[in-house]
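These are the residues of each chain, in order.
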Amino acid sequence: GAVVSQHPSRVICKSGTSVKIECRSLDFQATTMFWYRQFPKKSLMLMATSNEGSKATYEQGVEKDKFLINHASLTLSTLTVTSAHPEDSSFYICSASLQGNGYTFGSGTRLTVV
Amino acid sequence: AQSVTQLDSQVPVFEEAPVELRCNYSSSVSVYLFWYVQYPNQGLQLLLKYLSGSTLVESINGFEAEFNKSQTSFHLRKPSVHISDTAEYFCAVSEGGSEKLVFGKGTKLTVNP
């Protein structure tokens, strides 16, 4: 089946630094990918929709200059948290559209900013 | 705008008991419906989905859900749960023609021995 690989699974970074999270589709081409943020004991919040070769579409309230999304190829989308602060600590999950047949999710990245 | 309501944030049950996790949605157009399961510190795994056809859908591990259009519901059921079913369960909806998924707040199922 369609598999999305997300790395790293865990990352700890210092406040003020940037962190890149990668999401790769392993056996299919992902035209559209999504980035979610999950707060403790809360649901997944869609941050942005990433389309290959074009700019990402951000949801209301998400800072596009802080959460940089790049989808340069059909198998790779990246999320870079720039100038990270402790309040950016969260669980980030990517998913890929299966073109009308649902979605497949990455295993998530636990970001801790100290 | 579409929304998803999972009324129960936590559902504790005993092993081998039946369980129902409720999900209601609001949408004015046709929808696709999903249930995902999440184990601690992991991503989401698709449990089952309704895209079209039969309103009763089943998963390989004994879960089933029924799409009820008149009640705008997609409740998840299992006749006999196992300890290993302990996890967080999310109901999600996408409107026909849209690729955006809207999630409910999740229901934490805890199966006790």
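Here the structure is shown first, and the text comes after it.
These numbers were taken from a predicted model, which means no experiment stands behind them.

Trainee: Explanation requested: the pairing of strand S11 (residues 109–113) of chain A in the structure shown.
Mentor: In the case of a regular strand, side chains alternate between the two sheet surfaces. Residues and elements named next belong to chain A. Residues of S11 alternate between two faces, with Thr109, Leu111 and Val113 buried on one and Arg110 and Thr112 left unburied on the opposite face. Two strands pair when backbone bridges link them, and strand S2 (residues 10–13) and S11 are joined in this way by four bridges, in the parallel orientation. Its bridge partner lying in S11, Cys13 is registered against Val113. Pairing analysis gives three bridges linking strand S9 (residues 90–97) to S11, with the strands arranged antiparallel. The partner of Phe91 across the bridge, within S11, is Arg110.

Trainee: Is there a simple way to think about the pattern of salt bridges in this case?
Mentor: Where charged atoms of side chains with opposite charge meet at close range, the side chains can pair. Enumeration according to the criterion identifies six salt bridges over all chains in this entry. The residue A:Glu59 makes a salt bridge to B:Lys100 at a minimum N-O spacing of 3.0 Å. Note that A:Glu59 is positioned in the loop between strand S6 (57–58) and strand S7 (67–73) and B:Lys100 in the loop between strand S10 (87–95) and strand S11 (102–103), a pairing that runs across two chains. When its relative accessible area of 33% is taken as the criterion, B:Lys100 is described as partly exposed. Note that B:Lys78 and B:Asp85 form a salt bridge whose closest N and O atoms lie 2.8 Å from each other.

Parameters and conventions
Residues numbered from 1 in each chain as written. Chains lettered and ligands numbered in written order. Predicted model: local features only at pLDDT ≥ 70, side-chain atom pairs only at ≥ 80, totals over all residues. Heavy atoms only, no water. Buried < 20%, exposed > 50% of the residue type's maximum accessible area, 1.4 Å probe, protein only. Helix = DSSP H or I, 4+ residues; strand = E, 2+ residues; numbered from the N terminus. Pairing = 2+ DSSP bridges. Salt bridge = Lys/Arg side-chain N within 4 Å of Asp/Glu carboxyl O.

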